[in-house]
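Inside the fold
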Amino acid sequence: MSAWTDRILQEFPADLSRFWIACDPDDLLLDERILHGLRERGFEALPFEDPVAFRTEYEERYRAAWDRGEEGTSKALVLQLRGTDLNTLPWDYVRMGRKVSLSLADLFPRLSYGVIRQMDSEHHETLFLAHNKHATQPLGEGATKDFILTHIFRISPYLLSRPEDFWREVLRLHYRGAGLPDLLARHVAGILKDTPLGDLPIAELLASKNYMVRTVQDAWGRFLSQYGVHNERTSTDSAEVLPEVSVPFEHPDVRVIVDTMFLEGALQPVGAHDSPTDLPEWVKVGLVEDPHSLGNLVFEGVRRIAADLPDANATHRDWVELARRLGEVISRFNSLSTEIAEPIQQQLRKLQRDADDRLKDWLVQHYADLPSLPAAKGPVMVHHVPRYLALRRNAGEERIALLVFDGMALDQWFQIRERLASRLPGFSAEEGGCFAWLPTLTSVSRQALFSGLKPREFSNSIESTSQEPSLWARFWQENGLRKPEIVYQKGLKRTAQLAELEDAVCRPTTKVVGIVVDMIDEIVHGAMLGKRGIAGQIDAWCQTGFVEKLFLLLAKQGYQTYLTADHGNVDAEGIGRLSQGVVSELRGERVRTYRSEPLAGSVPSEIDVFRLNSSGLPPDFLPVYAGRRGAFVPKGEQIVAHGGISVEELIVPFIKININRTAS
């Protein structure tokens, strides 16, 4: 355990109290490493967000058992209060609870609190060590920024004098998955503004991976044009002002990172035919000269990802990044011809199995911590999505549309994105991901997505989606909107349906829109040729223009559009039917759910299954999952399904769609 984790956990000695109150204005407890450490000590932390929901969970899962003299769900419960005012808590909590105060200002006394409070929690551990070792005197705001840049991000802006130095650091920063916080990006831009680099959009390049990738992709096209290679991929920003920067691709330090970004899908190779004979060999990683070169790209991408899978100490961010990289490779693989795909398929299947096994092991230790993680910078789980959108409305996004592409895996989003990039001028996407709820069934995960609740909080409707409209409306009414300002519509899949949607979203009173697009789920449930066959059907659907017309309609009406999915899907193989009559309540192809332990234990021993229970589910809702990529269908039968635990089912896209409205 790290020094940082130990420092926080020392505030919670075992056996002093069953009920604790942590005044935690900086959300220090809501770090997955801290939550995991507390859980290992027999503590659970529960954010105090909804007084009624907290009271219900506290009374049912903890206090009732303690009053009977039993240990219950855990030895102790920590109420995490985001603030310091105990008067906001019920009097009986304050009377019973043992109080603890946690603050970044106390833990980093020699650094500027205004700066460090804008740092993501993943950096606290490294910053804590650097602070104790190197911060020998109090530092002001500017000095704190320089201290963090040096010790956390390994960047010294005063040494960035040449373009290759700057681009090496920008690419390195984003390749590791984390740009600079806006505060630090602006600080670096201020230092470099009077240097030869000052004409670059420095702050944007350092802070936003999406902006950096689009800028580099655009620069790659211009770089190739010097050799007479013309970009066949339509610029996604033809109506958006992107700087025409020159990236020093030839420099070895820049080239090695760009090479990897092409192999793993962050950058898209340019289609080219009859490339010039004087083209340097290293440039070809960013070219697709024929179908075989794309096959080579996929093979190399598989090899690199397989060598870099997350382990038991990974964070949820590491898994989202792995899911992105894997999704890009699967999307490319599904576009290959059968002849080119077959030699690669075995290696890809092994990568998928290994990633799923690692994920399952990680979930056993960490899944219980995910629901409590903060959503201010983006949802960690799908039930965080409404809360995050409410924060965006408070930040000035007056009209918001949430598109839920039912059943869409990350690889299928990347396929759709590339179609949009070639067809929709002014389109760009800020890409992230979040975790669906287990089991990855529509009635569980999609209801959580629209309600903002954990499944145990909608236990009465967990087996159907009929309550989604009222749950969506209730969330927004609790966040200050009136019922006429809230729209929910499902079942969209065809262009002819957009007229009805337009009537609803065009009303001046409408502020938030929730839309279920279920074409992909429909395709999945009728799939006969696996995910590669689904890719062809998605292509045909994209050719109808439905998706781009939907995006343009919402952009035209002033909506900021966010896109996600309730779960993904996976190629699965039959392991045998479960002939249990009506014993199982929900019967998905990858999971069965039961209402009691004896029933859950009634699965025949010869069927490969496993259990992973979650405190977020109702206590009488017990899932039993098919092992690995198995399905409860006749042995050997090949299907595409969802409900289980795999990277492709569990980690779904969360995308901010940007469309320059002058292009529409």
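Preceding this section is the structure that the text describes.
Computed from a predicted model, the values in this text were never measured in an experiment.

1. Here we look at the overall build of the chain
Within the chain, the regular secondary structure consists of 26 helices and 19 strands. Rg of the C-alpha trace for the chain: 26 Å, near the compact-globule value of 26 Å for 664 residues, within the 12% margin. Going through the 664 residues of the chain one by one, you find that 58% of them count as buried. Just so you have it, the chain exposes about 27,400 Å², and 48% of that area is on carbon and sulfur atoms. Here the chain holds 76 positive side-chain charges and 92 negative ones, and the gap between their average locations is 3 Å.

2. A short note on the sheet that holds strand 19 (residues 651–659)
The sheet built from six strands is open, its strands ordered 8-19-11-7-10-9 with mixed pairing. Unpaired on one side and paired on the other, strand 8 (427–435) and strand 9 (486–492) mark the two borders of the sheet. For this sheet the average axis-to-axis angle between neighbouring strands, irrespective of direction, equals 20°. Sheet analysis places strand 11 (residues 560–564) next to strand 19, joined by four bridges and oriented antiparallel. Residue pairing in the sheet places Leu563 in a bridge with Ile655 of strand 19. In this fold helix 15 (residues 316–334) packs onto strand 8 and strand 19, with an angle of close to 130° to the strand it touches most, strand 8. Set on the sheet, helix 21 (residues 498–505) makes contact with strand 9 and strand 10 (512–517); between it and strand 9 the angle comes to about 175°.

3. Section: the environment of Leu86
Within the secondary structure layout, Leu86 lies in the loop between strand 3 (76–81) and helix 4 (91–96). Its relative accessible area of 26% is what places Leu86 among the partly exposed residues. As a C-alpha pair, Leu86 and Ile8 span 78 residues in sequence and 20 Å in three-dimensional space. Residues within four places of Leu86 in sequence aside, it is in contact with Ile21, Cys23, Leu81, Val94 and Lys99.

4. Digging into the packing of helix 13 (residues 252–264) against helix 15
The contact between helix 13 and helix 15 brings their axes to 8 Å, and the two run at 60°. Put simply, helix 13 runs oblique to helix 15. Between helix 13 and helix 15, the contacting residues are Phe262, Leu263 and Glu264 on the first element and Arg324, Arg325, Glu328 and Arg332 on the second. Across the contact of helix 13 with helix 15, the residue classes tally to two nonpolar, no polar and five charged.

5. Topic: helix 8 (residues 141–151)
Every buried residue of helix 8 is accounted for by Thr144, Lys145, Phe147, Ile148, Leu149 and His151. As for helix 8, its buried residues are in contact with helix 6 (113–116), helix 7 (124–134) and helix 10 (182–192).

6. Overview of the pairing of strand 2 (residues 43–47)
The side chains of a regular strand alternate, residue by residue, between the two faces of the sheet. Counting buried positions along strand 2 yields five of five residues, so the element is predominantly enclosed. Residues Phe43, Ala45 and Pro47 of strand 2 are buried on one face, and the alternating residues Glu44 and Leu46, pointing to the opposite face, are buried as well. With helix 3 (residues 51–67) bridging strand 2 and the parallel strand 3, this β-α-β connection has right-handed handedness.

7. Some points on the pairing of strand 16 (residues 622–626)
With five of five residues buried, strand 16 lies mostly within the body of the structure. Sheet topology note: the strand 14 (residues 591–594)/strand 16 ladder contains four bridges and is antiparallel. Of the residues in strand 16, the one forming a bridge with Val591 is Tyr625. Of the pairings in the sheet, the one linking strand 15 (residues 609–610) to strand 16 comprises two bridges and is antiparallel in character. Within strand 16, the position partnered with Val609 by the bridge is Ala626.

8. Some words on unusual backbone geometry
For the peptide bond that leads from Leu438 to Pro439, omega is -5°, which places it in the cis range. Topologically, Pro439 is positioned in the loop between strand 8 and helix 19 (442–451). Positive phi is not limited to glycine here, since Arg154 has a value of about 55°. Along the polypeptide, Arg154 turns up in the loop between helix 8 and helix 9 (163–175).

9. Brief notes about the nonpolar core
Judged by nonpolar contacts, the single largest core of 199 residues is most densely connected at Phe12, Phe166, Phe405, Trp413, Ile416 and Phe551. The element that contributes the greatest number of residues to this core is helix 16 (residues 338–366), accounting for nine residues. Beyond its immediate sequence surroundings of up to four residues, Phe166 is in contact with Leu160, Leu192, Leu197, Leu200, Ile202, Leu205 and Leu206.

10. Describing the pattern of salt bridges
Counted according to the given criterion, the structure contains 60 salt bridges. With a closest N to O distance of 3.0 Å, Glu431 and Arg417 form a salt bridge. Highlighted residues: Glu431 in strand 8 and Arg417 in helix 18 (residues 410–423), separated in sequence by 14 residues. Glu431 sits in the partly exposed class, given a relative accessible area of 35%. Among the salt bridges present, the one from Glu649 reaches Arg590, with a minimum N-O distance of 2.6 Å. Here Glu649, found in helix 26 (residues 647–650), pairs with Arg590, found in the loop between strand 13 (586–587) and strand 14; they are 59 residues apart in sequence, far enough to count as distant. Each member of the pair, Glu649 together with Arg590, is buried. Sharing partners across several salt bridges, the network here consists of Arg162, Glu164, Asp165, Arg168, Glu169, Arg172 and Asp253.

Cut-offs and rules
Residues numbered from 1 in each chain as written. Predicted model: local features only at pLDDT ≥ 70, side-chain atom pairs only at ≥ 80, totals over all residues. Heavy atoms only, no water. Helix = DSSP H or I, 4+ residues; strand = E, 2+ residues; numbered from the N terminus. Rg over C-alpha atoms; globule rule 2.2 N^0.38 Å. Buried < 20%, exposed > 50% of the residue type's maximum accessible area, 1.4 Å probe, protein only. Areas by Shrake-Rupley, 256 points an atom, 1.4 Å probe, with all protein chains shown as cover. Lys, Arg positive; Asp, Glu negative; His and termini not counted. Charge placed at Lys NZ, Arg CZ, Asp CG, Glu CD. Pairing = 2+ DSSP bridges. Axes fitted to C-alpha atoms, helices over the stretch in contact; angles between N-to-C directions. Contact = heavy atoms within 4.5 Å. Parallel < 35°, antiparallel > 145°, perpendicular 65-115°, else oblique. Nonpolar A, V, L, I, M, F, W, Y, C, P; charged D, E, K, R; others polar. Right-handed = clockwise from strand over helix to strand, strands pointing away. Core = buried A, V, L, I, M, F, W, Y, C linked by side-chain atoms within 4.5 Å. Salt bridge = Lys/Arg side-chain N within 4 Å of Asp/Glu carboxyl O.

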